[in-house]
Amino acid sequence: MNNDLETIENYLTGQLSDEARAQFETTLRTDPAVADALAFYVLAQHTAKVDALSQRRDELDALYKRSRPVSDTTTNHVPVLAPASNRRLWSVPMRWVAAASVLLLLGLGWYFFRISNAQDATQLADAYVTRTYGQLSTTMGGTAADKLTQGIGLYNEGKFAEAETAFAAVLTEQPDNDRALKFAGLVALRQKKYDSAIDRFHQLSQRTDLVSNAGTFLEAIALLQRNRPMDKGQAKKLLEEVINKNLDGKNEAMKIIPHVD
């Protein structure tokens, strides 16, 4: 935790290297806990400054009262200051508004205004993969098909590394096997090998000889799960293509795209 706070402080004070700063900003966009820690840190710093200012005002008020002649506040219409305790009260929602304002000034307003949508899109992508491809169906026969069936069985058992090897073997023998290509992408996705998954799905999306092809949609899903800078923009373009061209995955694309900014 101390290291996190030190990194946050160094980030806000401009003491991180360009590489470290870029890495930290990527973490901010993918790890809600770190983003929350940043918001809390800024809030705490801002609140401390406000409380210190309030205390200083109280001291000045007290000094002013001691130095001025006693007056009848009713007849002379001297304004009566609110008690210090009342002036110092500041509701929690207002403090979060202040923190949001500070983050906006720092160029980090995206945390409050974008992160929820980004998380929703990623969560929807995760949910889709789990719901649709938690298990793969087995059909076919023959030598290459047997290897494909073996890979599917390993996938369904959660033995993703072994399944990946089996699907790769099928592709070596049958480079045009679209099912093996799709499953190779899916098993890479389940192992969080997003670069490999995106490459597999992109290859699949380029096939024009298939009656049914979910390659474009799955490439968008993989981009949302990888969630690097620029990934959401590319994913949105692919989802729009799926919808406009009525490709496989259109219904799911229509559900996800409103959450991608």
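Notes on the structure in this doc start here. (Residues numbered from 1 in each chain as written. Predicted model: local features only at pLDDT ≥ 70, side-chain atom pairs only at ≥ 80, totals over all residues. Heavy atoms only, no water.)

1. Quick word on the packing of aromatic side chains
And step 1. Using the criterion set out here, one finds four aromatic pairs in the structure.
And step 2. Consider the rings of Phe167 and Phe183, whose centres lie 5.6 Å apart with planes at 45°: the pair is tilted. Residue Phe167 is located in helix α9 (residues 160–173), and its partner Phe183 is located in helix α10 (residues 178–190); the two are separated by 16 residues in the primary sequence.
And step 3. What makes Phe183 buried here is its relative accessible area of 6%.
And step 4. Members of the aromatic cluster, connected to one another through ring pairs, are Tyr128, Tyr133 and Phe217. (Phe/Tyr/Trp six-rings, centres within 6.5 Å; stacked < 30°, edge-to-face > 60°. Helix = DSSP H or I, 4+ residues; strand = E, 2+ residues; numbered from the N terminus. Buried < 20%, exposed > 50% of the residue type's maximum accessible area, 1.4 Å probe, protein only.)

2. Observations concerning the side chain of Asn177
And step 1. Tracing the chain through its elements places Asn177 in the loop between α9 and α10.
And step 2. Taking the relative accessible area as the measure of exposure, Asn177 reaches 12% and is therefore buried.
And step 3. Polar side-chain contacts of Asn177 include one of 3.0 Å to the backbone nitrogen of Ala180.
And step 4. Filtering out sequence-adjacent residues up to four positions away, Asn177 remains in contact with Val170 and Leu171. (Polar contact = N/O pair within 3.5 Å; in protein donor to acceptor, adjacent residues only side chain to side chain. Contact = heavy atoms within 4.5 Å.)

3. A short note on the nonpolar core
And step 1. Within the largest apolar cluster, 45 residues are counted, with the highest numbers of intra-cluster contacts made by Phe167 and Leu239.
And step 2. For this core, the secondary structure elements donating two or more residues are α7 (115–133), α8 (143–156), α9, α10, α11 (194–205), α12 (215–226), α13 (231–244) and α14 (250–256).
And step 3. Broken down by element, this core gets its largest block of residues, eight residues, from α10. (Core = buried A, V, L, I, M, F, W, Y, C linked by side-chain atoms within 4.5 Å.)

4. Description of unusual backbone geometry
And step 1. The backbone of Asn227 shows a phi angle near 60°, a positive value even though the residue is not glycine.
And step 2. Mapped onto the fold, Asn227 is located in the loop between α12 and α13.
And step 3. On the basis of relative accessibility, which here comes to 10%, the residue Asn227 falls in the buried class.

5. Comments concerning α12
And step 1. When the terminal C-alpha atoms of α12 are compared, their 16 Å separation across 12 residues agrees well with the 16 Å that a helix rising 1.5 Å per residue should span.
And step 2. Of all 12 residues making up α12, 11 are buried, and the element is well covered by its neighbours.
And step 3. Taken from the residues just after α12, Asn227 is the one with a positive phi, measuring 60°. (Expected span 1.5 Å × (residues − 1).)

6. A short note on the packing of α11 against α12
And step 1. Running from N to C, α11 and α12 point in directions that differ by 165°, and their axes come no closer than 8 Å. Judged by the angle between their axes, α11 and α12 are roughly antiparallel. The two elements α11 and α12 cross, and the hand of that crossing is left-handed. Between α11 and α12, the residues in contact are Tyr194, Asp195, Ala197, Ile198, Phe201, His202, Leu204 and Ser205 and Gly215, Thr216, Leu218, Glu219, Ala222, Leu223, Gln225 and Arg226, respectively.
And step 2. A class-by-class count of the residues in the contact of α11 with α12 yields eight nonpolar, five polar and three charged. (Axes fitted to C-alpha atoms, helices over the stretch in contact; angles between N-to-C directions. Parallel < 35°, antiparallel > 145°, perpendicular 65-115°, else oblique. Left-handed = near helix turned anticlockwise from the far one by under 90°. Nonpolar A, V, L, I, M, F, W, Y, C, P; charged D, E, K, R; others polar.)

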